Amino acid sequence: MATEILMPALSPTMEEGTLAKWLVKEGDTIESGMIIAEIETDKATMEFEAVDEGTMGAILVAEGTEGVKVNAPIAVLLEEGEDASAAVASAPAPATEAPAEAPAAAPKSAPAAPIAPQANLTPDWPEGTEMKTQTVREALRDAMAEEMRSDENVFLMGEEVAEYQGAYKVSQGLLDEFGSKRIIDTPITEHGFAGVATGSAFGGLRPIVEFMTFNFAMQAIDQIINSAAKTLYMSGGQMGAPMVFRGANGAAARVGAQHSQDYAAWYAQIPGLKVAMPYSASDAKGLLKSAIRDPNPVIFLENEILYGRQFEVPVMDDFTVPFGKARIWREGTDVTIVSFGIGMQYALEAADKLAEDGISAEVIDLRTLRPIDYDTVLASVMKTNRCVTVEEGYPVGSIGNHISATIMQKAFDYLDAPVINCAGKDVPMPYAANLEKLALVTTDEVIEAVKQVTYR
Amino acid sequence: MATRKTAKKPNVSAEELLGYYRDMLLIRRFEEKAGQLYGMGLIGGFCHLYIGQEAVVVGLEAATKEGDKRITSYRDHGHMLACGMDPNGVMAELTGREGGYSKGKGGSMHMFSKEKHFYGGHGIVGAQVPLGAGLAFSDKYKGNDNVSFAYFGDGAANQGQVYETFNMAALWDLPVIFVIENNQYAMGTAQKRSTSTPDLYTRGEAFGIKGQTVDGMDVLAVKEASEKAVAHCRAGKGPYILEVKTYRYRGHSMSDPAKYRTREEVQKMRSERDPIEHIREMLLTGKHASEDELKAIDKEIKGIVIDSAEFAKASPEPALEELWTDIYAEAN
Ligand SMILES: Cc1ncc(C[n+]2csc(CCOP(=O)(O)OP(=O)(O)O)c2C)c(N)n1
Ligand SMILES: [Mg+2]
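These numbers come from a predicted model, not from an experiment. (Residues numbered from 1 in each chain as written. Chains lettered and ligands numbered in written order. Predicted model: local features only at pLDDT ≥ 70, side-chain atom pairs only at ≥ 80, totals over all residues. Heavy atoms only, no water.)

How would you sum up the overall build of chain A? Please name residues and give values.
The secondary structure content of chain A amounts to 13 helices and 22 strands. Along the first, second and third principal axes, the C-alpha atoms of chain A reach 95 × 60 × 45 Å. Evaluated residue by residue, chain A yields a buried proportion of 57% over its 456 residues. Taking the intrachain contacts of chain A between residues at least 6 apart in sequence as the baseline, contacts between residues at least 24 apart amount to 76%. Put simply, chain A shows about 19,300 Å² of open surface, and 52% of that area lies on carbon and sulfur atoms. Taking the average place of the 34 positive charges on the side chains of chain A and the average place of its 66 negative ones, the gap between the two points comes to 12 Å. (Helix = DSSP H or I, 4+ residues; strand = E, 2+ residues; numbered from the N terminus. Buried < 20%, exposed > 50% of the residue type's maximum accessible area, 1.4 Å probe, protein only. Contact = heavy atoms within 4.5 Å. Areas by Shrake-Rupley, 256 points an atom, 1.4 Å probe, with all protein chains shown as cover. Lys, Arg positive; Asp, Glu negative; His and termini not counted. Charge placed at Lys NZ, Arg CZ, Asp CG, Glu CD.)

Tell me about the pairing of strand 6 (residues 54-59) of chain A, residues and numbers included.
Where strand 3 (residues 29-30) of chain A and strand 6 of chain A come together, two bridges link them in antiparallel fashion. Among the inter-strand pairings, Thr29(A) is bridged to a residue of strand 6 of chain A, identified as Thr55(A). (Pairing = 2+ DSSP bridges.)

Let's hear about the interface of chain B and chain A: which residues, and what values?
Counting from both sides, the interface comprises 63 residues of chain B and, opposite them, 78 residues of chain A. Interface area for chain B against chain A, summed over the two sides, is near 5,600 Å², with a carbon-plus-sulfur share of 61%. Three residues stand out in chain B for area buried against chain A, namely Tyr141(B), Arg263(B) and Tyr328(B), and they jointly supply 14% of the buried area on that side. On inspection of chain B and its partner chain A, the count reaches two salt bridges. (Buried area = accessible area lost by both parts, 1.4 Å probe. Salt bridge = Lys/Arg side-chain N within 4 Å of Asp/Glu carboxyl O.)

Give me the packing of helix 1 (residues 14-39) of chain B against helix 11 (residues 291-314) of chain B: which residues, what numbers.
Relative orientation and spacing of two packed helices are given, respectively, by the angle between their axes and the distance between those axes. Residues and elements named next belong to chain B. One can describe the packing of helix 1 onto helix 11 by two numbers: an axis separation of 9 Å at closest approach and a directional angle of 40°. With respect to their mutual orientation, helix 1 and helix 11 come out oblique. Our pair here, helix 1 against helix 11, has a crossing hand that is right-handed. Mapping the contact onto sequence places Leu18, Tyr21, Arg22, Leu25, Leu26, Arg29, Phe30, Lys33 and Leu37 in helix 1 and Leu294, Ile297, Asp298, Glu300, Ile301, Ile304, Val305, Ser308, Ala309 and Lys313 in helix 11. Its residues assigned to classes, the contact of helix 1 with helix 11 comprises twelve nonpolar, one polar and six charged. (Axes fitted to C-alpha atoms, helices over the stretch in contact; angles between N-to-C directions. Parallel < 35°, antiparallel > 145°, perpendicular 65-115°, else oblique. Left-handed = near helix turned anticlockwise from the far one by under 90°. Nonpolar A, V, L, I, M, F, W, Y, C, P; charged D, E, K, R; others polar.)

Got a sec to walk through the coordination of the magnesium ion (ligand 2)? Specific residues and values, please.
All names here are of chain B. At the metal site, the magnesium ion (ligand 2) is ligated by Asp154 (OD), Asn183 (OD1) and Tyr185 (O), and these contacts range over 2.1 Å. Motif for the magnesium ion (ligand 2), donor spacing along one chain: D-x28-N-x1-Y. With a relative accessible area of 5%, asparagine 183 lands in the buried category. On the accessibility criterion, tyrosine 185 (8% relative accessible area) is buried. (Donors = N, O, S within 2.8 Å, 3.2 Å for Na, K, Ca; no water.)

Requested: an account of the site of ligand 1, with residues and values cited.
Residues and elements named next belong to chain B. Close to ligand 1 lie 15 residues; Tyr74, Arg75, Gly155, Ala156 and Asn183 are nearest. Separating a nitrogen atom of ligand 1 from a backbone N or O atom of glycine 123 is a distance of 2.9 Å. A total of 590 Å² of accessible area belongs to ligand 1 in isolation, and the protein chains cover 71% of it. Among the residues making up the shell around ligand 1, the classes are represented as seven nonpolar, six polar and two charged. (Near = heavy atom within 4 Å. Polar contact = N/O pair within 3.5 Å; in protein donor to acceptor, adjacent residues only side chain to side chain.)

Account for the sheet that holds strand 8 (residues 240-245) of chain B, naming residues and giving values.
Residues and elements named next belong to chain B. Read across the open sheet, the six strands follow the order 2-1-3-4-8-7; overall the sheet is parallel. The sheet terminates laterally at strand 2 (118-122) and strand 7 (211-215), the two strands that pair on one side only. When the angles between neighbouring strand axes are averaged without regard to direction, this sheet yields 15°.

Provide a residue-level description of the side chain of Gln134(A), including the pertinent values.
Residues and elements named next belong to chain A. Position of glutamine 134 relative to the elements: it lies in strand 9 (residues 131-135). A relative accessible area of 5% places glutamine 134 in the buried class. Only 2.6 Å separates the side chain of glutamine 134 from the side chain of aspartate 142, close enough to count as a polar contact. If we skip the residues at most four places from it in the chain, glutamine 134 touches Ala139, Asp142, Ala281, Arg309, Gln310, Phe311 and Val313.

Lay out unusual backbone geometry in plain terms, naming residues and giving numbers.
Peptide bonds are mostly trans, and most non-glycine residues show a negative phi. Of note, the amide linkage connecting Arg370(A) to Pro371(A) takes the cis form, showing an omega dihedral of 0°. With a phi close to 50°, Met187(B) is a non-glycine residue in the positive phi region. Structurally, Met187(B) can be placed in the loop between strand 5 (185-186) and strand 6 (189-190).

Describe the packing of helix 1 of chain B against helix 8 (residues 219-234) of chain B, naming the residues involved and giving the relevant values.
Residue and element names in this part refer to chain B. Direction vectors running N to C along helix 1 and helix 8 enclose 105°, while the axes themselves pass 11 Å from each other. Of the possible angle classes, the one that applies to helix 1 and helix 8 is roughly perpendicular. Between helix 1 and helix 8, the contacting residues are Glu16, Leu17, Tyr20 and Met24 on the first element and Val219, Leu220 and Lys223 on the second. Class assignment for the residues of the contact of helix 1 with helix 8 results in five nonpolar, no polar and two charged.

Describe the nonpolar core, naming the residues involved and giving the relevant values.
Ranked by size, the top nonpolar core spans 78 residues in total, and within it Phe211(A), Ile224(A), Phe245(A), Tyr267(A), Ile407(A), Phe137(B) and Phe178(B) carry the most contacts. Considering each element in turn, this core owes the most residues, seven residues, to helix 5 (residues 128-142) of chain B. Looking at which domains feed residues into this core, each of domain 2 (131-314) and domain 3 (327-453) of chain A gives three or more. Other than its neighbours up to four places away in sequence, Phe245(A) contacts Ala194(A), Thr198(A), Val209(A), Phe211(A), Phe214(A), Ile224(A), Ala228(A), Val298(A), Ile299(A) and Phe300(A). Counting 74 residues, the second largest nonpolar core, distinct from the first, contains Ile43(B), Tyr101(B), Met111(B) and Val222(B). (Core = buried A, V, L, I, M, F, W, Y, C linked by side-chain atoms within 4.5 Å. Domains from an automatic or database assignment.)

Account for the confidence of the model for chain B, naming residues and giving values.
Put simply, chain B has an average pLDDT of 95, and 97% of its residues get 70 or more. Reported confidences for the modelled complex are a pTM of 0.91 and an ipTM of 0.95. (pLDDT = per-residue confidence, 0-100.)

Before we move on, can you summarise empty space enclosed by the protein with the specific residues and values?
Taken as a whole and assessed by the stated rule, the structure comprises three cavities of 30 Å³ or more. The computed volume of the largest cavity comes to approximately 120 Å³. In terms of residue class, the lining of the largest cavity is built from seven nonpolar, five polar and three charged. (1 Å grid on protein atoms, 1.4 Å probe; cavity = no way out; pocket = protein on both sides within 12 Å on 5 of 7 lines; lining within 4 Å. Points joined across faces, edges and corners; volume = space filled by probe spheres on them.)

Give a detailed account of the side chain of Ser108(B), specifying residues and quantitative values.
Residue and element names in this part refer to chain B. Relative to the helices and strands, serine 108 resides in the loop between helix 4 (87-94) and strand 2. Among the residues examined, serine 108 registers a relative accessible area of 7% and is labelled buried. Looking at serine 108, its side chain comes within polar contact range of the side chain of histidine 77, at 2.9 Å. Leaving out residues up to four positions away in the same chain, serine 108 has contacts with Phe46, Cys47, His48, Tyr74, Asp76, His77 and Leu94.

Go over the sheet that holds strand 5 (residues 45-49) of chain A with me, naming the residues and quoting the values.
Residue and element names in this part refer to chain A. Sheet architecture is open: four strands sit in the order 5-4-2-7, paired in antiparallel fashion. Two strands in the sheet have a free side with no partner beyond their single neighbour: strand 5 and strand 7 (65-69). Between one strand axis and the next, the sheet turns through 40° on average, direction left out of account. Sheet topology note: the strand 2 (residues 16-22)/strand 4 (residues 35-40) ladder contains four bridges and is antiparallel. Bridge pairing in strand 4 places lysine 21 opposite glutamate 38.

Describe helix 2 (residues 136-150) of chain A, and please don't skip the residues or the numbers.
The end-to-end C-alpha separation of helix 2 of chain A is 21 Å, in line with the 21 Å expected for 15 residues at 1.5 Å each. Along helix 2 of chain A, the residues classified as buried are Val136(A), Ala139(A), Leu140(A), Asp142(A), Ala143(A), Met144(A), Ala145(A), Glu146(A), Glu147(A) and Met148(A). (Expected span 1.5 Å × (residues − 1).)

Pulling in residues and values, what's your account of the packing of aromatic side chains?
Residues and elements named next belong to chain A. Throughout the structure, instances matching the rule amount to 21 aromatic pairs over all chains. Between phenylalanine 211 and phenylalanine 214 the ring centres are 5.5 Å apart and the planes differ by 65°, which places this aromatic pair in the edge-to-face class. Taken individually, phenylalanine 211 and phenylalanine 214 each receive the classification buried, so the pair is uniform in this respect. Geometrically, the ring pair formed by tyrosine 263 and tyrosine 267 is tilted, given 6.5 Å between the ring centres and 55° between the ring planes. Judged on exposure class, the residue tyrosine 263 and its partner tyrosine 267 are both buried. The structure contains a cluster of three or more aromatic residues connected by ring pairs, namely Phe193, Phe211, Phe214, Phe245, Tyr263, Trp266 and Tyr267. (Phe/Tyr/Trp six-rings, centres within 6.5 Å; stacked < 30°, edge-to-face > 60°.)

Help me get a handle on the domain arrangement of chain A, residues and values and all.
Parsing chain A into structural domains produces domain 1 (3-90), domain 2 (131-314) and domain 3 (327-453). Put simply, the middle of domain 1 of chain A and the middle of domain 2 of chain A, counted by C-alpha atoms, are 57 Å apart.

So this is what it looks like as C-alpha cells:
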C-alpha cells in the first residue's frame, strides 16, 4: 500500500515550516534513513530522513512552499510493485492522532477543608515513662545504632564517620560495633558519594549519608534532588531512594559565609523529599529513627551548636516521632511563635521574657518542614490571632514566608495583626563577632516582633 | 556495503548470531518508528535515538546474567529493548500514556524497570555514573556476584562526578563496568573539541582501573570485550572501563540542525560500517541463515514495532489523579 509522507515536527514547538528543498524526485528509490528533503523552521534548517523504503510516487508539496503545517501530507511513497496511480488513489491525510483536547482542570491537591484545623495533641511518649538526660549528639548516635541493629541494610557513609568517629563525633563508637562494612569513610567527594549512596538505595539498601555540614551538600544537590527525590515519580512508583542525608546545617560560630547557611527552605521546596529539623534530643532521636525507616529520601538538618545541648529523652525500647506532627512546647493565649531547629532557642527565650511582661506566647516547634503540620499552627493562630515566625535562614523565600501565606489563606479572618517573620539577615555571614551576631536572628528581635503584633 | 574482515572466526552459534541480528534490528526499527511518531506530534519533548549504536548494547548484554543491573543516560531506548523490556511499554511511555513503563510520567528520558533491573533513563549528563556504582555497591554489600553496567557518553566522560566515581569504585572494588559509548559527538561538539586526550579508555589509569577500547560497530567484538569485563568484575577484581567506539546516525535529539558534521561523514559510516549490515553479511556468507529466513525476521520485527506503535496510540493518557501519585512511597 502507498504510504503518505507527512510534514514532520522537528522540534517540540514546531507547528509549521518551509519545505525548503527536495533532495529526491518522483520515481527515485527511497531507502530508510535516506535524507529526502530539507525543512526550514524559524530556528534552523533540518534534514528530513525517510522512515520507510519504496519508490517516490508523488511529491505533493513543491519545494519553496512556506507555512506547511506539521502532519500535512507532502509526498507519497510506493511499495515494491505499485505504480503511481496508487499514489493518487491513496487515502486522504489522516488527521493527527495526538489527543488534542486540553485536559480538564487537574484535581486540586488539597480541597479546602471545612473542618476547623486541630492540633494533634497525643504525647510523644506515654506519661510516666522513665527519662534520661542526653545530648543531641548522643541521641542521634543512639538512633542510628538502634536502627542498624534492627535492619542490616542500613549503613552509614560520609567523611570521617568511621575511624575519626565523626567530624562532630556523632558517629562515636559505631565503627566498633558495626565494622567497616557498614560504617564507611568516604573520600572528600560529596557529589560522587551522594550519587553512589542513591544508587545503592535504588539497589535495595538504606544508606545514611552524613555530610560533614550541609554547606558541602551543595556539591551533591543535583543527586539529592534530581536522582533521589524524583525517581519514584519518574518511574511511576517502581523504584525510589529510601535513605537519609544528614549533617550539621546552619551557622556554627565564627566560620564565615561559606560555612554558615541554613538550607531548610531550599530542601523544604522539593516534592519527593521529606525534611526534618529537630531542636531537642528526644526529637533528634525519634525523628532520625523515623527517617531511617521512611521509604523516601529524608533531609535531616542538625545543628553544630545544638549537638552538645542536653535534653530529657524517654527511655523506651523503640521511641519514634512521626513526621508532620508539630510539638507545642509552651501553651499561650496572646501570640503564636512558630519555629524549628535552633530558632526554637530564641523562641523559647523570648516566650520566657514575654511572660514577665504579661504576654502569654504559645510556642510551636514544627520539627518537620516537609510535611509541615499546618493544622497545629492554624489552630493556634485561630486562638491567639497573632503570629511570629522564627528561623535562622535567609529572609527571602523563607519557611516563615510560607507559613505566613498559609495563615493568610486559611485563617485571614482570625488575624488581628500581620504575621512577622524573624529570620537571618539578607547578607552572607560575616566573620567579625559583632557583625555575626547582628546577622543572626536574636531573642530581642523576637520579643520586639511579638510586641509589634500584640500592639504593646 | 563494503566488506569488513572480522579478525577471528566468530566463536558463536548461528542461533546466537541470529539473536543479535534480531535484537539490533528491533532497536533500529523501533527507533525509526519513534522518529516517525515524533514527526506526527505523538511524541513530545526531547527524544534521542540510538540508531547506529545498536551493536553496543546488544554486544554488552550478550554477556549478562539474571541479576545484573544496568543504568544509562537519556539515550535509553536501545538499552531497554536489549534487556528485554516490552516494546509496547517503552513506546507508550514515549507517547506519554498510561501503558508506559512510568505510566506516562517519565517520558523518553526517564524510564525504569525493576523487573529487568533497568535503573533508568537519566537526563542529567553523568549523573548515572555514581548511581551505577551505587548499584554495584548494593550487590557487593549483599555479597552476590552481580555486575552493574553504567553507560555514558563521550561528552559525559568530562563530568567531574565520573572521576569521583572511578576513585570510589576502585577504592572499594565495586563490580561495575563503565561503558563509554563514544559516538564522537556530544550534541554538536566533536570529541576532539572537548577532550584533551582522545583515548577515553585510559581515563581510569590514574585510579588503577583497567580499560580497553572496542569497535562498537561489530557486535561480536563488543560481546567479547563484555565477557572479559564481566569476568573481571564477577571475580571481585573491581571496576572495568570499556570505551566502545560507535556512531549515531541521527541528530542528537529530534531537533538537531546537523551543521557540525557533513552529510558525507554520516553516509560513509552508514554504508561502510553499519553494525546491522555487518552481522547480516556474516549470517549470509557463513550460511547461517538464508535471505528468506532474514526476511522472515525483518517481517516479525516490523510487526512488533507496528504493534507497539498501535499500543502506544491506543493507550489512554494517564488519569488526572496520577498527577498526585508516586511522590512519596508509603511505609509498609
Ligand atoms: C549536566 C547536564 N549538562 C548539560 C546537559 C544538556 N545535554 C544533554 S545531552 C548533552 C550531550 C551529551 O553527549 P554525550 O555524553 O556524548 O552523549 P550522547 O548524547 O552522544 O549519547 C548535553 C550537553 C544535560 N542534560 N545535563
Ligand atoms: Mg556522544
